Amino acid sequence: MELYVLFGTFVFLLLIGTPVAFCLGVASFATVVYLGLPPLVVFQRLNSGISVFALMAIPFFIYAGDLMVRGDIARRLVALAGALIGHLRGGLGQVNIVASVMFGGVSGSAAADASAVGGLMVPQMKERGYGADYAVNITVVSSIIALMLPPSHNLIIYSISAGGRLSIADLFTAGIIPGLLLALSLMVAAWIVARKRGYPTEPFPGLRMLGVLFVSALPGLILVAIIFGGVRSGVFTASESSNIAVVYALFITLFVYRSLPWGEFVAATMGAVRTTAMVLLVIGCAASFAWLLAYLKVPTAIVDFMQGVSDNPILILLMINLALLMLGTFMDMSPLIVITTPIFLPVAQAFGVDPVHFGIILILNLGIGLCTPPVGAVLFVGCAVGRISIWEAVRTIWPFYLAALVTLMLVTYIPALSLWLPAQFR
């Protein structure tokens, strides 16, 4: 009955349009009251959920990404990507994907990637005769590459949700090959669709211009090396690297590019504050919800259930992926990481899955959920940028969904894609 109260309250509030954080908090409060526990437990768990030092990295990484968006970094990265691979079939579509790789390694945020790269690329693609749906679909699905690359704050949330035992440096490293594999899969899909629709290529600007654009974009690319190299080498922690990222972003945009006016600086600061407040509230409420799941022994019950269904790890991982894909269509990513990690990580470990490997599976899986209706936050951003309806985008997005799902299956069943690179640094 306690589970009926917990999930029933949560689903009811979600269906009537209540923000996810309040759905989680109210459902937790109602269940605690039903159990006869002190209501203060909910607030204690909420507070403990956000009183984690590693979470300090999230607001600063968000801030650094916002500064980069408003400080002309994205435009320079897009220009470099255009010079590198614009000559391929569907040139601007390929540029969009590679720019997402470059900018994703700077921002670590799918929404920031979709708004920044999409804001630059979608209008250009429409002007050059590309379909608005094609431009939006590429922008939306390629933006989830950012979730796999350092400094992805979602990987930090996963590390904390897994009990804080996992190395953030290992998770940052583990996401690199899957992220690049996703980019390659999307480039193949974009090439096939572009060839079918007869989209053009872009002229190669020459090696000299390529060098000029590389030098122009180099300060933004160096940020990735600072974050990844510093954390991986142990020179500084993820929290310290986020502070360094903000200082570096301010220095580059204010003194090197001189492209961050006062109004944009204020907007970036306030935007980072708002985003951080929303993220932390969701994490805190989800921590209360996750504690109740553990208190009611839901993870143990699910492990027993799945072991009763099959002892085949291939089938178990497929069931977990299907469950996560379904959940990802209805909930945002941050609360799902906090809620589902304590449920499915023990199941995966019971069948021999490394927790770092499972983290990459989880993040990629839930990232796909950001691109699917009805609660696809990145899909909404992309459609707003492209000024088309959700239906227009979803009707033709299936080749890119297929590319993302193929990548998910490869990452799921080939652990070396996630675990080989971290092993090289040990």
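Residues numbered from 1 in each chain as written. Predicted model: local features only at pLDDT ≥ 70, side-chain atom pairs only at ≥ 80, totals over all residues. Heavy atoms only, no water.

Q: Hey, could you run me through the overall build of the protein chain in this one?
A: In terms of helices and strands, the protein chain carries 22 helices and zero strands. Taken over C-alpha atoms, the radius of gyration comes to 21 Å for the protein chain, in line with the 22 Å a tight globule of 426 residues would show. Based on the C-alpha atoms only, the size of the protein chain along its principal axes is roughly 70 × 45 × 45 Å. Here the protein chain holds 426 residues, and the buried ones make up 55% of them. Within the protein chain, counting contacts between residues at least 6 apart in sequence, those at least 24 apart form 79% of the total. Of the roughly 17,400 Å² of accessible surface on the protein chain, 71% is carried by carbon and sulfur atoms. For the protein chain, the separation between the mean place of its 19 positive charges and that of its 15 negative charges on side chains is 8 Å. (Helix = DSSP H or I, 4+ residues; strand = E, 2+ residues; numbered from the N terminus. Rg over C-alpha atoms; globule rule 2.2 N^0.38 Å. Buried < 20%, exposed > 50% of the residue type's maximum accessible area, 1.4 Å probe, protein only. Contact = heavy atoms within 4.5 Å. Areas by Shrake-Rupley, 256 points an atom, 1.4 Å probe, with all protein chains shown as cover. Lys, Arg positive; Asp, Glu negative; His and termini not counted. Charge placed at Lys NZ, Arg CZ, Asp CG, Glu CD.)

Q: Honestly, helix α8 (residues 132-142) in this entry has me stumped. Any pointers?
A: Residues spaced three or four apart along an α-helix face the same direction, because each turn holds 3.6 residues. The buried fraction of α8 is high, at ten of eleven residues. Within α8, the full set of buried residues consists of Asp-133, Tyr-134, Ala-135, Val-136, Asn-137, Ile-138, Thr-139, Val-140, Val-141 and Ser-142.

Q: Teacher, can you tell me more about the packing of aromatic side chains here?
A: The geometry of an aromatic ring pair comes down to the distance between the two centres and the angle between the two planes. Scanning the model with the defined rule gives nine aromatic pairs in all. Judged by centre distance (5.9 Å) and plane angle (80 degrees), the ring pair of Phe-7 and Phe-289 falls under edge-to-face. Remark: Phe-289 occurs in helix α14 (residues 262-295) and Phe-7 occurs in helix α1 (residues 2-15); sequence separation between them is 282 residues. Judged by its relative accessible area of 2%, Phe-289 falls in the buried class. Taking the centre distance of 5.4 Å and the plane angle of 35 degrees together, the rings of Trp-262 and Phe-265 count as tilted. Here the residue Trp-262 and the residue Phe-265 both occupy positions in helix α14, the gap between them amounting to three residues, near one helical turn. With relative accessibility at 23%, the residue Phe-265 sits in the partly exposed group. Three or more aromatic residues joined by ring pairs make a cluster, and in this case those are Tyr-130, Tyr-134, Tyr-199 and Phe-400. (Phe/Tyr/Trp six-rings, centres within 6.5 Å; stacked < 30°, edge-to-face > 60°.)

Q: So what exactly am I meant to see when it comes to the environment of Val-212 here?
A: Considering the arrangement of structural elements, one finds Val-212 in helix α12 (residues 207-233). Along the sequence, Val-212 and Ala-83 sit 129 residues apart, while their C-alpha atoms lie 10 Å from each other.

Q: Explain helix α9 (residues 153-161) here, please?
A: The buried count for α9 comes to nine of nine residues, which makes it a mostly enclosed element. Turning to α9, its buried residues are His-153, Asn-154, Leu-155, Ile-156, Ile-157, Tyr-158, Ser-159, Ile-160 and Ser-161. Looking at the buried residues of α9, the elements they touch are α4 (57-70), α10 (168-174), α14, α17 (333-350) and α18 (355-369). Just downstream of α9 lies Gly-163, where phi reads positive at about 100 degrees.

Q: Quick question: what am I supposed to make of the nonpolar core here?
A: One broad rule of soluble globular proteins: the nonpolar side chains tend to lie buried together. Counting residues in each nonpolar core, the largest one holds 145 residues, and the members touching the most others are Tyr-134, Tyr-158, Phe-358 and Phe-400. Every residue in contact with Tyr-134, bar those within four places of it in the chain, is listed here: Gly-90, Gly-93, Met-125, Ala-190, Val-193, Ala-194, Arg-197, Tyr-199 and Phe-400. (Core = buried A, V, L, I, M, F, W, Y, C linked by side-chain atoms within 4.5 Å.)

Q: What is the right way to look at the pattern of salt bridges in this model?
A: A side chain of one charge can pair with a side chain of the opposite charge if their charged atoms are brought near each other. Within the structure shown, the criterion is met by one salt bridge. Where Asp-133 meets Arg-197, a salt bridge forms, and the shortest distance between an N and an O atom there is 3.1 Å. You can see Asp-133 sitting in helix α8 and its partner Arg-197 sitting in helix α11 (residues 176-197), a full 64 residues away along the chain. (Salt bridge = Lys/Arg side-chain N within 4 Å of Asp/Glu carboxyl O.)

Q: What should I look at first to understand the side chain of Asp-133 in this one?
A: Owing to a relative accessible area of 16%, Asp-133 belongs among the buried residues under this scheme. Within the structure, Asp-133 has its side chain in polar contact with the side chain of Thr-396 (distance 2.7 Å). Setting aside anything within four residues of it in sequence, one finds Asp-133 in contact with Arg-197, Ile-388, Glu-392 and Thr-396. (Polar contact = N/O pair within 3.5 Å; in protein donor to acceptor, adjacent residues only side chain to side chain.)

Q: What is the right way to look at the packing of α4 against α14 in this model?
A: The relative placement of two packed helices is expressed as an angle between their axes plus a distance between the axes. At a minimum axis distance of 9 Å, the contact between α4 and α14 shows a crossing angle of 145 degrees. The element α4 and its partner α14 pack so that their crossing is right-handed. Here Ile-58, Pro-59, Ile-62, Tyr-63, Asp-66, Leu-67 and Arg-70 of α4 lie close against α14, whose contacting residues are Glu-264, Phe-265, Ala-267, Ala-268, Thr-269, Gly-271, Ala-272, Thr-275, Thr-276, Val-279 and Ile-283. Tallied by class, residues from the contact of α4 with α14 come to eleven nonpolar, four polar and three charged. (Axes fitted to C-alpha atoms, helices over the stretch in contact; angles between N-to-C directions. Left-handed = near helix turned anticlockwise from the far one by under 90°. Nonpolar A, V, L, I, M, F, W, Y, C, P; charged D, E, K, R; others polar.)

Q: Quick question: what am I supposed to make of the environment of Leu-364 here?
A: Looking at the element boundaries, Leu-364 is found in helix α18. Since its relative accessible area comes to 1%, Leu-364 is described here as buried. Every residue in contact with Leu-364, bar those within four places of it in the chain, is listed here: Met-148, Leu-182, Thr-407, Leu-408 and Val-411.

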